[in-house]
Amino acid sequence: MKKGALLILFLAISPAFLQAQELDSRITSMFVFNFTKYIEWPAGSLGEKFIIGVVGNPGLTTGLNKIVGSRTAAGKPILVKPIDKNAVQDAGSCQILIFGSGSAGLMKSFTEALQGKHILLVTEKEAGLRKGVGINLILDEDDDFKTKFMLNKTAIETAGLKVSSSLVGLSKQQ
Amino acid sequence: MNCLSFVYLYARQRIYLFMLFFSFTHSFMKHCLLSSLFILFLCSSVQAQHTDTLSIENLSLEELLKLRSTGVSSEMEKIINEKLGVASKKPLSIRKSPSIVSVISEDEIRKSGARDLVDVLRQVPGFDFGVDVQGVVGFAVRGNWSHEGKVLVLLDGQEMNETLYGTVPLGNNFPVQQIKRIEIIRGPGSAIYGGYAEYGVVNIITKSGEDLNGGSLDVVYGQMEKTFARRNVYASWGRKMGGWKVSLAGLIGQGNRSDRTYTDIDTGSFDMAGNSQFNPSYANLGVSYRNTSVRIIYDRLHLTTRDGYVAVLSKPYDNNFTNYYAELRHDWKVNDKFIITPRFNFKSQTGWNNQQTILLEDSSYSYNNKTANRYRFNLTASYDITHNLNLTGGGEFFNDYAVARGADTTLFQKYVNDSVSQPLASVSYQNYAAFVQCLWRNRVVNITLGARYDNSSAFGGAFVPRIGLVKNVQKFNFKLLFGYSFRAPAIENISTAYRGQMRPERSRTLEFEAGRQIGRNSYLTLSLFSFTTLNPIIYFYEEVTDREFYRNREQGGSRGVEVEYKVKQTWGYLSANYAFYSVAGQTIVPEYQIGGINNLNLAFPAHKINVNAAYRLGDHFSINPSASFMSVRYGLATNDTVATRFNPVLLLNLFLTYDHLLTEGLSLGAGCYDVLGQNFQFIQPYNSLHAPLPGPSREFVFRLSYRFQHTKL
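Scoring rules and cut-offs
Residues numbered from 1 in each chain as written. Chains lettered and ligands numbered in written order. Predicted model: local features only at pLDDT ≥ 70, side-chain atom pairs only at ≥ 80, totals over all residues. Heavy atoms only, no water. Core = buried A, V, L, I, M, F, W, Y, C linked by side-chain atoms within 4.5 Å. Buried < 20%, exposed > 50% of the residue type's maximum accessible area, 1.4 Å probe, protein only. Helix = DSSP H or I, 4+ residues; strand = E, 2+ residues; numbered from the N terminus. Contact = heavy atoms within 4.5 Å. Salt bridge = Lys/Arg side-chain N within 4 Å of Asp/Glu carboxyl O. 1 Å grid on protein atoms, 1.4 Å probe; cavity = no way out; pocket = protein on both sides within 12 Å on 5 of 7 lines; lining within 4 Å. Points joined across faces, edges and corners; volume = space filled by probe spheres on them. Nonpolar A, V, L, I, M, F, W, Y, C, P; charged D, E, K, R; others polar. Pairing = 2+ DSSP bridges. Patch = residues over 30% accessible without salt bridge, like charges linked within 9 Å, V, L, I, M, F, W, Y side chains within 5 Å. Areas by Shrake-Rupley, 256 points an atom, 1.4 Å probe, with all protein chains shown as cover. Lys, Arg positive; Asp, Glu negative; His and termini not counted. Charge placed at Lys NZ, Arg CZ, Asp CG, Glu CD.

Turning our attention to the nonpolar core. Membership of the largest hydrophobic core comes to 114 residues, with the highest contact counts inside it found for B:Leu121, B:Phe139, B:Val153, B:Ile182, B:Val202 and B:Ile204. By residue number, the principal contributor to this core is strand 30 (residues 522-534) of chain B, which donates five residues. Residues contacting B:Ile182, with those up to four places away along its chain left out, are B:Ser102, B:Val103, B:Ile104, B:Ile109, B:Leu117, B:Val120, B:Val202, B:Asn203 and B:Ile204. Membership of the second largest hydrophobic core comes to 41 residues, among which are A:Trp41, A:Ile78, A:Ile135 and A:Leu161.

Okay, structure coming up:
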C-alpha cells in the first residue's frame, strides 16, 4: 500500500517532472548581446551585418529579436538568424552561434564543421565546454536560480577571437 | 487589502489542515495519499505570479549576473533558496537538501517573544517535549523519546549533548535573543554527524561579528502567577575589521521552571515556586581571521530539583551542568574546487552534578560528581569534480574520558561477567570514523549517496549509509530519502549496561517530501515518514536488585505525516504546520507502551498543530500570535500501571513588539504565554514512576532591547 501510494503520487505529478528547469530566454538573450561588448572579432571576418545564429529553441530567436532591436555589435546592425539543424553550412556566416536547449546532440557535428571559422559558440549545456564551445550559460540553482556563465578561453582564442580579461573575471569557474 | 489577504490565506490554510486532520480519522496511508494529492492539485491551481514585466533591456553583464531567472527574488524565495549547511557536507538550499529540513529565522524567534528553546522548537513539526528525571526536560521527535543521545544539538558547531548520557537539558538556557538562524533536520543525520544524530539535528547559529557589526543588550522578565519565571540579561558585541571577525556574547539569568504544585505518584507534593530554579550563565567568543576560526564557549546551568526520581525530596538539591567547549578550525582552499578542513574540538562537561550531602529521608537521590571530556580531530576534504558533481570525504577520531570526582571515586563500573561488576574511578573510550558523500546533480534527479562508519572501543562498529533523490521542477520539489542512522551508547549506558551487554541502536528511515512554492510568497511542504529503530537502548529499574540499568530492547519507531506552510508578505508572515505520528502496526518499546492504546507512545500526542504569525501595523509595531495544539496524551501520574489520559491542550500566546521606541535601536516587547491557562505538563515518556512535571503557569513576558551598529570599516 505504501509503495503504491508513493508511485501514484509520483505519477500524478509526472507532467511536472517532464519539464526541466530552463534558462529564461530573455535573460539568455541579454547575456548573448552583452558578450559582443567583451569579444573582439577579426576585422575581415565581419560582413555587413553581425549575425547571431540560433540552433533550436525558437523562443530564444524571438527573445533575441526583441532585445537587439536596432542595436549594433562591432559597429554592425545585428541579424538574428534561426539555423536549421541539418544546414550546418548556414552557420558559417555567423559571428555568434547559440545552441539552444534540445540541440545539445548537434554540438559535435557543428563544432567540427565550423573549425577555423571566427565564431563564438554559446550553449546552455555544461558539457559543451568540453566539446569546444566557448561559453556555457547555466542556471545556478545553488545561488537563487541566477544565470551564470562559464568560459573556455582556449576554445574562444582558437576561433581567432580576443576575449577581454573582465569577461574572464565575471565568468564562473568550471 | 492586507487584512483581506491575511484572511484569505488563513482560510486557505484552514482548509489544508482540515483535510489532513480528517484524513487521519481513517486508515493512515490511504487517506494521507488522498490528502497529499488534493493539496498538490489545489496548489497547482493557484496561479504563479510572473515577472515578465521586469525591464532587463538595458542591464549590464554585472547586473544580469545578480538577476534571478524569473526576476528579483521575493523574501520567501530567498528563504527557500538560501544555502544551509545542516543536511549535507556541501551547503544546499532547503528545497535541494537531501533531508527533511526546517529553518527558523531570527525574525520569527524575536517577534514571537520565544522565552527559550522549548518555545522555539515546539513550533517545529514532529518535535515534542517530555520530562526525564530531576526536573530535566528533553526532546522527542515524531512521537519517540529522543532525549538521550538521539538528537544532536549544535551551537555554532559545538556539540552540546553532554557526554555521560548524551542529553541536552532544555529550559531557561540557550541564548534565544542572539540566535541568527536554527536549521533543523527532522530525521536521521548520522551519515554526516555520527552517533548523536539518530532522529534529528538542531543546528543553532548565533550572530557572527559581521552580522552584529555593533552591540546588543536584551533584558527579559517573565512573571508567572505566583513568582517570576525568568529574569535574564543578554549582551553581545561583534565586528568585522578587515579579515578579522570577532564576536562576544553572554547570558546571565535566573528562572523558575514552574510555580505550580508537583505531585508525585504517591501523592507527595511540593510547590515548584522557588524549588525549581533554572539559572543560566553563558559566554561565547568567536574569532576568525580569513579562513581560520576559533570558538570558545562557557555554559553553566544551575538547576534545583525536588522531584528527584520517584518520590518528592524533602529539600531542593542541586542538579548542575557546567560545560566548556573549544574549537580550532581552518578551511584550506587548495583551489576553487578543492577545500580541506582540519578541525579540532574539545569539550569538558560536568553534568547531572550534585555535591550536596544527601539527607537520610532522601536516600533515593544521590551524590553525583563526574566530569566527561571529549577531544576530537576531524579532517574533511571537499572536491568539486565538475559543477554538478561533488565528492566529500574524511575521517574523525575522538576520545572520551570520564572521571569521578570528590568523595566517591567509584561511580563507574565494568562488568567482569554477566552479573559481577568492578567499580572504576574513570573510563576512557576511543572512536574512529570515516565518512563519504557524493552529490551528483543531473537533469533527471539529484542524487546524494553518503555513508559513515564508526568503530568504538566500547561497542564496536556502526555503519550508516543513505541515499537521497531530490528533484526540483520549477515551483515543485520532491525528495525521496532512505537511510540508516544510529545512537552511540553513551558512557553511562555502557557503565550500567544490563549484564554488561550493550549494542548501538540503529534506525532505518524512509521519507518522502513534496514541496510547492505557491505564488512568489508562500511555500508548502508535505512529508511522509516511516522509521524502525532496532535494538533501542532503554533505561529500566530492576526492583530485585534495586539497581538501574540500560539494555537493548527489540524494536521501536513510528510513521506519520508532517505538513508545513509558510507565507511571507509585506503585512508580515504566517507559519503553520501539522504533524501526525502513529506506532500502530509496529513493535512498541515495552517501557513506552500505554495499556489499551496501540497507536501511541506514552507522553506524546498523535496530532499537533502549530501556528506562528506576525502582522505589521505600521513601520514599527507588530502583533504576533502563536499557538500549539496537542491532542490527547497519556502518562503515568499515579502508582498504578494504568496510564492517565491528559486532555488536548491549546497553548495560545500573544506577543507585541514595538521597534525604535523613542530612539533608533530601542525595542520593547510584551506579551503573554499560555493565555488560556492550560497548565501544560511534561509527561515522562517511559514507565519509570516519575509523575508529570508541571510547566509554567500563564506567564507575562517583557523584553527591552537595544541594538547599535558601528560604521562599517
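Right, picking up where we left off after that structure.
The next subject is the side chain of B:Asn612. Mapped onto the elements, B:Asn612 comes out in strand 35 (residues 607-617). For B:Asn612, a relative accessible area of 7% puts it in the buried group.

Residues and elements named next belong to chain B. Evaluated as defined, the whole model comprises 44 salt bridges over all chains. Linking lysine 347 and glutamate 159 is a salt bridge whose minimum nitrogen-to-oxygen distance equals 2.8 Å. Here the residue lysine 347 occupies a position in strand 20 (residues 338-353), and glutamate 159 occupies one in strand 8 (residues 158-159), the gap between them amounting to 188 residues. Judged by its relative accessible area of 12%, glutamate 159 is buried. Look at the salt bridges and you will find they share partners, linking Glu159, Lys347, Arg374, Arg376, Glu396, Asp400, Arg452 and Asp454 into a network.

Residues and elements named next belong to chain B. Counted as a void, the largest cavity has a volume near 380 Å³. Lining the largest cavity we find 29 residues, and of these Arg115, Val118, Asp119, Arg122 and Pro696 sit closest to its centre. Where the lining of the largest cavity is concerned, the elements lending two or more residues are helix 6 (117-122), strand 12 (228-241), strand 36 (621-630) and strand 39 (649-658). Residue contributions to the lining of the largest cavity peak at three residues, all from helix 6. Looking at side-chain class alone, the lining of the largest cavity contains nine nonpolar, twelve polar and eight charged residues. Considering only enclosed or pocket space, the second largest cavity measures out at about 250 Å³ in volume. As for the second largest cavity, its lining consists of 25 residues, and the residues nearest its centre are Arg374, Phe398, Asp400, Asn431 and Ala488.

Pairing is antiparallel in the open sheet, where three strands are placed in the order 4-5-6 (chain B). With one partner strand each, in any of the chains shown, strand 4 (127-131) and strand 6 (144-145) of chain B form the two edges of the open sheet.

Residues and elements named next belong to chain B. Backbone geometry places arginine 499, a non-glycine residue, at a positive phi of 55°. Locating arginine 499 in the fold gives a position in the loop between helix 9 (491-495) and strand 29 (505-518). Not every positive phi belongs to a glycine, and aspartate 674 is a case in point at roughly 60°. Looking at where aspartate 674 falls in the secondary structure, it is placed in the loop between strand 40 (666-673) and strand 41 (681-682). A relative accessible area of 6% places aspartate 674 in the buried class.

On to the sheet that holds strand 7 (residues 151-155) of chain B, then. All names here are of chain B. Taking strand neighbours across the sheet as the criterion, the five strands line up as 3-9-10-7-8 in an open arrangement whose pairing is mixed. Either end of the sheet is taken by a strand with one partner, and the two such strands are strand 3 (101-105) and strand 8. Pairing of strand 7 with strand 10 (residues 200-206) involves five bridges; the strand directions are parallel. Of the residues in strand 10, the one forming a bridge with leucine 154 is asparagine 203.

Another point: a positive patch on the surface. Side chains of A:Lys125, A:Arg130, A:Lys131 and B:Arg443 sit close together on the surface and give a patch of like positive charge. With respect to the helices, strands and loops of the structure, A:Lys125 is situated in the loop between strand 6 (120-123) and strand 7 (135-140). Taking relative accessible area as the criterion, A:Lys125 reaches 34% and is therefore assigned partly exposed.

Time to look at the layout of surface pockets. Residues and elements named next belong to chain B. Its boundaries defined by the atoms lining it, the second largest pocket holds a volume of some 1400 Å³. Around the second largest pocket sit 44 residues that line it, and Tyr309, Tyr539, Tyr541, Arg547 and Glu548 are the ones nearest its centre. Broken down by secondary-structure element, the contributors of at least two residues to the lining of the second largest pocket are strand 23 (412-415), helix 9, strand 31 (537-542) and strand 32 (547-552). Take the lining of the second largest pocket: its biggest share by element is four residues, from strand 32.

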